[in-house]
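# Architecture at a glance
Single-letter residue listing:
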Amino acid sequence: MSIKLGVPSKGRLMEKTFDWFRARGVVLGRAGSDREYAGKVEGIEGVELVLLSAGEIPRELTEGRIHLGVTGTDLVREKLGHWEQRVEEMAELGFGHADLIIAVPQAWVDVDCLDDLDAAAAAFRRHHGFRLRIATKYHRLVREFLKENGVADYQLVDSQGATEGTVKNETAEAVADITSTGETLRANHLKILSDGLMLKSQATLFRSRAAAMDDEERAVMTALVARLGLD
Amino acid sequence: MANRTPEKAQVKACAAALREGFEAAGAVPVEAPVLLSASALLDLYGEDIRARAYTTSDILRGEQMLRPDFTVPVVQMHMAQGAEPARYTYAGEVFRRQEEDEARANEYLQVGFEIFDGTDPAAADAEVFARVQSAVAPLNLKATTGDIGILMAAVEGLETSEARKAALWRHIWRPARFRALLERYAGRHPVPVARKVLLTSDDPFRNAGPEIGMRSRDEVAARIEALRADAATPPIPNSDVMLIEAILKVRETLPFALEQLRDIAVDMPAILQAVERLARRMDAIAAHGIDVQALEFEAAFGRTHMEYYDGFVFGFVVEGRPDLPPVATGGRYDALTRVLGRAEGRPEGIPAVGGVIRPGMVVELGGWA
């Protein structure tokens, strides 16, 4: 058997992850063609590469189907209850930086902070007869953040992509999404609330607390951790 | 959990017996659907309910929730068709999402007793409390009572703008937010820079960018006007803030609490009526043979997690076991009947009070042989 390492299956996140491991003497790559989701590992014995969607890696870790996985802190915190009990943060990889934020239209000159958002939401509900809509895919994180900060009279609407466009399309009044430079937000005439930063996320190597290991696998894990300089 | 999980059959038998007890007190047994329309619950509680209730959906009815309690469906049923006065009892499963503590049950039986009767609210409060108390008496639980109505009366009586009162009201059940608002209205914190800039600008919309989304420029302008009016409102006197803080600190046995609240009412006459309601309730509870001298009262009790209660509140817990959920809870929810009565053409609502017991806890704690 072998230690299973889950890595995002495409794009910059995959390439940067490969770079990070290569710099530490572990060469990861796709087996066969670019379209095939099988991986190969060189430079260490007993490690198997599993290419997965970044969004599925938290679940695979918590189910113990992979021993290690690279994904964003945002996804782990959104998808796993008591995430610290299910996975261990081994290393922040220094890329894939993104902030989970709340943004509203720039035209809302009266709204600068969460306090304002709460007051605007109350007025919006009175005026329109429904609760102010915030588009997001981070339902749990946003709900907890707004509860902690005492914001009421809002509702979350699900948006799995192009979230910044929902305000213009009038399917939401505000958005809660990840951003790295804020460019897309500005292009869509949105501004970040001054206290609207919920979480700073980056690509992180996690270890599953649930994945079983035999003696052989434990030895491989120890060797891998040493090779990566994380011991 | 420290105790073994009780057998379901035993819990059901206990639930049936508790319900029979309430039936003997004249309550009509009622049923409620397990699946409730999510929109009614979301309108009442906002998104927070999603952290407590399981949501499911189908393509025809849209979002449904597994009932997190019976109060909402029972009030809906009563407002739609109930003759008054009325008293109801029920026994059935409720479902609660647990995101923090896996050891807590996410599905358990609840037995409840509800009185819809405006003739003598103090007597109704006392009767619900006494019946729940006698049902759990063998367990030697610690009872705590409270009354959200006193804080509400204090807010109502503040000498400030209606807008500020409405904002405080809206956050009665969010203590941190309530406090922050109160301190801001008292002028304890400097006005944030962004707010100052906005209110002193000759053209607040100069860098506003295009108008997008459903919240119109008129709505933004209206809020700026409201902010200007608020900036011109004199601060709430520090003495009033201190009186509200004093109310929230009251934590005593009932007779001493009453004495403290009467002292506060000398400086804050707005709470006098609410305090006298508390006095009448105390006498009514004593008339049931309950020792009110030993009964705990906390003015802030139930403020964080019992949000539809707006008057009397109570809970029975196992002393020294904060890990265990309360065995029984209850309270008065007059405002809820007004909110849910609106859809039935009865916006005036009806004074209502009720309580629930968890038979699973009763069995687990050995109160059912």
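Residues numbered from 1 in each chain as written. Chains lettered and ligands numbered in written order. Predicted model: local features only at pLDDT ≥ 70, side-chain atom pairs only at ≥ 80, totals over all residues.

The name given to chain B in an unreviewed UniProt entry is Histidine--tRNA ligase, with Pseudooceanicola sediminis as the source organism. Entered under Subunit (unreviewed entry) in the UniProt record, the comment concerning chain B runs "Homodimer." (UniProt positions renumbered as here; feature names shortened; annotations may be inferred.)

As annotated in an unreviewed UniProt entry, chain A carries the name ATP phosphoribosyltransferase and comes from Pseudooceanicola sediminis. Recorded in UniProt under Catalytic activity (unreviewed entry), the annotation for chain A is "1-(5-phospho-beta-D-ribosyl)-ATP + diphosphate = 5-phospho-alpha-D-ribose 1-diphosphate + ATP". UniProt, in the comment section headed Function (unreviewed entry), describes chain A in these words: "Catalyzes the condensation of ATP and 5-phosphoribose 1-diphosphate to form N'-(5'-phosphoribosyl)-ATP (PR-ATP). Has a crucial role in the pathway because the rate of histidine biosynthesis seems to be controlled primarily by regulation of HisG enzymatic activity."

This next bit is on the domain arrangement of chain B. Taken domain by domain, chain B consists of domain 1 (1-135 + 347-369), domain 2 (142-174 + 236-317) and domain 3 (188-234). A C-alpha centroid distance of 35 Å is found between domain 2 of chain B and domain 3 of chain B. (Domains from an automatic or database assignment.)

As a further point, take the sheet that holds strand β4 (residues 47-52) of chain A. All names here are of chain A. Ordered by their spatial adjacency, 5 strands build an open sheet running β4-β1-β5-β12-β6, and the pairing between neighbours is mixed. The sheet is open, and its two borders are formed by β4 and β6 (87-92), each paired with just one other strand. Within this sheet the neighbouring strands show an average axis-to-axis angle of 30°, counted without direction. With 6 bridges connecting them, strand β1 (residues 3-8) and β4 associate as parallel partners. (Pairing = 2+ DSSP bridges. Helix = DSSP H or I, 4+ residues; strand = E, 2+ residues; numbered from the N terminus. Axes fitted to C-alpha atoms, helices over the stretch in contact; angles between N-to-C directions.)

A few words on the UniProt feature "domain: Aminoacyl-transfer RNA synthetases class-II family profile" (unreviewed entry) in chain B. Sites flagged by UniProt as "domain: Aminoacyl-transfer RNA synthetases class-II family profile" (unreviewed entry) map to residues 16-276 of chain B. Secondary structure content for residues 16-276 of chain B is 49% helix and 16% strand, while the C-alpha to C-alpha distance between its ends is 37 Å.

Residue and element names in this part refer to chain B. Those residues carrying the UniProt feature "binding site: L-histidine" (unreviewed entry) are Asp-69, Phe-70, Thr-71, Arg-96, Gln-110, Glu-114, Arg-303, Tyr-308 and Tyr-309 in this numbering. Position of Glu-114 relative to the elements: it lies in strand β6 (residues 107-116). When the 26 C-beta atoms within 10 Å are taken as the criterion, Glu-114 is described as buried. Positionally, Tyr-309 belongs in the loop between β9 (296-298) and β10 (312-317). (Buried ≥ 20, exposed ≤ 12 C-beta atoms within 10 Å, placed from the backbone.)

Often, the extent of an interface is quoted as the loss of accessible area on bringing the components together. Listed by partner, the interface residues are 30 residues for chain B and 29 residues for chain A. Residue assignment for the side of chain B that touches chain A shows that the elements contributing at least two residues are α7 (175-185), α8 (193-200) and α9 (217-232) of chain B. Per-element tally for the side of chain B that touches chain A: the top contributor is α9 of chain B, with 6 residues. Tallied by class, residues from the side of chain B that touches chain A come to 14 nonpolar, 4 polar and 12 charged. (Contact = placed C-beta atoms within 7 Å. Nonpolar A, V, L, I, M, F, W, Y, C, P; charged D, E, K, R; others polar.)

All right, on to the UniProt feature "domain: ATP phosphoribosyltransferase catalytic" (unreviewed entry) in chain A then. Following the UniProt record, the feature "domain: ATP phosphoribosyltransferase catalytic" (unreviewed entry) maps to residues 54-228 of chain A here. Split by type, residues 54-228 of chain A is 35% helix and 30% strand. Its first and last C-alpha atoms lie 21 Å apart.

What follows covers the sheet that holds strand β2 (residues 35-37) of chain B. All names here are of chain B. The sheet built from 3 strands is open, its strands ordered β2-β4-β3 with antiparallel pairing. Single-partner strands in this sheet number two, and they are β2 and β3 (55-58). The sheet shows a mean angle of 45° between the axes of neighbouring strands, direction not considered. Pairing analysis gives 3 bridges linking β2 to strand β4 (residues 62-66), with the strands arranged antiparallel. What sits directly across from Leu-35, in β4, is Leu-66. The strands that helix α2 (residues 38-45) touches are β2, β3 and β4; relative to β2, the one it contacts most, it runs at about 65°.

Moving on, we get to the pairing of strand β8 (residues 132-136) of chain A. For a regular strand, side-chain orientation follows a simple rule: the groups alternate between the two sheet faces. Residues and elements named next belong to chain A. The element β8 is largely enclosed, with a buried count of 5 among its 5 residues. Residues Leu-132, Ile-134 and Thr-136 line one face of β8 and the alternating positions Arg-133 and Ala-135 line the opposite face, and both faces are buried. Where β8 lies against strand β9 (residues 154-158), 5 bridges are found, and the strand directions are parallel. Bridge pairing links Arg-133 to Gln-155 in β9. For the handedness criterion, the β-α-β arrangement of β8, helix α6 (residues 139-148) and β9 is classed as right-handed. Pairing geometry for β8 and strand β10 (residues 174-179), over 3 bridges, is parallel. Note on β10: the bridge partner recorded for Ile-134 is Ala-174. (Right-handed = clockwise from strand over helix to strand, strands pointing away.)

Mean pLDDT over chain B works out to 93, with 97% of the residues at or above the 70 mark. The complex model carries a pTM of 0.87, and its ipTM stands at 0.86. (pLDDT = per-residue confidence, 0-100.)

Moving on to the packing of helix α6 (residues 162-170) of chain B against α7 of chain B. All names here are of chain B. Close contact between α6 and α7 brings their axes to 9 Å; oriented N to C, the two are set at 160°. Viewed along their axes, α6 and α7 adopt a mutual orientation that is roughly antiparallel. Crossing of α6 over α7 shows left-handed handedness. Counted together, Arg-164, Ala-167 and Leu-168 of α6 and Phe-178, Leu-181, Leu-182 and Tyr-185 of α7 form the full contact between these two elements. Split by residue class, the contact of α6 with α7 holds 6 nonpolar, no polar and 1 charged. (Parallel < 35°, antiparallel > 145°, perpendicular 65-115°, else oblique. Left-handed = near helix turned anticlockwise from the far one by under 90°.)

The omega torsion across Glu-84 of chain B and Pro-85 of chain B is -5°, close enough to zero to call that bond cis. By the element assignment, Pro-85 of chain B lies in the loop between α3 (71-81) and β5 (86-95). Residues other than glycine seldom take positive phi values, yet Ala-162 of chain A does so here, at roughly 50°. For Ala-162 of chain A, the location among the structural elements is in the loop between β9 and β10. Overall, the presence of 12 C-beta atoms within 10 Å leaves Ala-162 of chain A in the exposed class. Phi is positive for Asn-140 of chain B, which is not a glycine, with a value near 50°. Assignment of secondary structure puts Asn-140 of chain B in the loop between α4 (121-136) and β7 (142-147).

When two helices pack together, you describe them by how their axes are tilted relative to each other and by the distance separating the axes. Residue and element names in this part refer to chain B. At a minimum axis separation of 10 Å, helix α11 (residues 254-267) and helix α12 (residues 272-286) run at an interaxial angle of 160°. When the axis of α11 is compared with that of α12, the two are roughly antiparallel. The interaxial crossing formed by α11 with α12 has left-handed handedness. Between α11, through Leu-254, Leu-258, Leu-261, Arg-262 and Ala-265, and α12, the contact on the second element is made entirely by Leu-272, Val-275, Leu-278, Ala-279 and Met-282.

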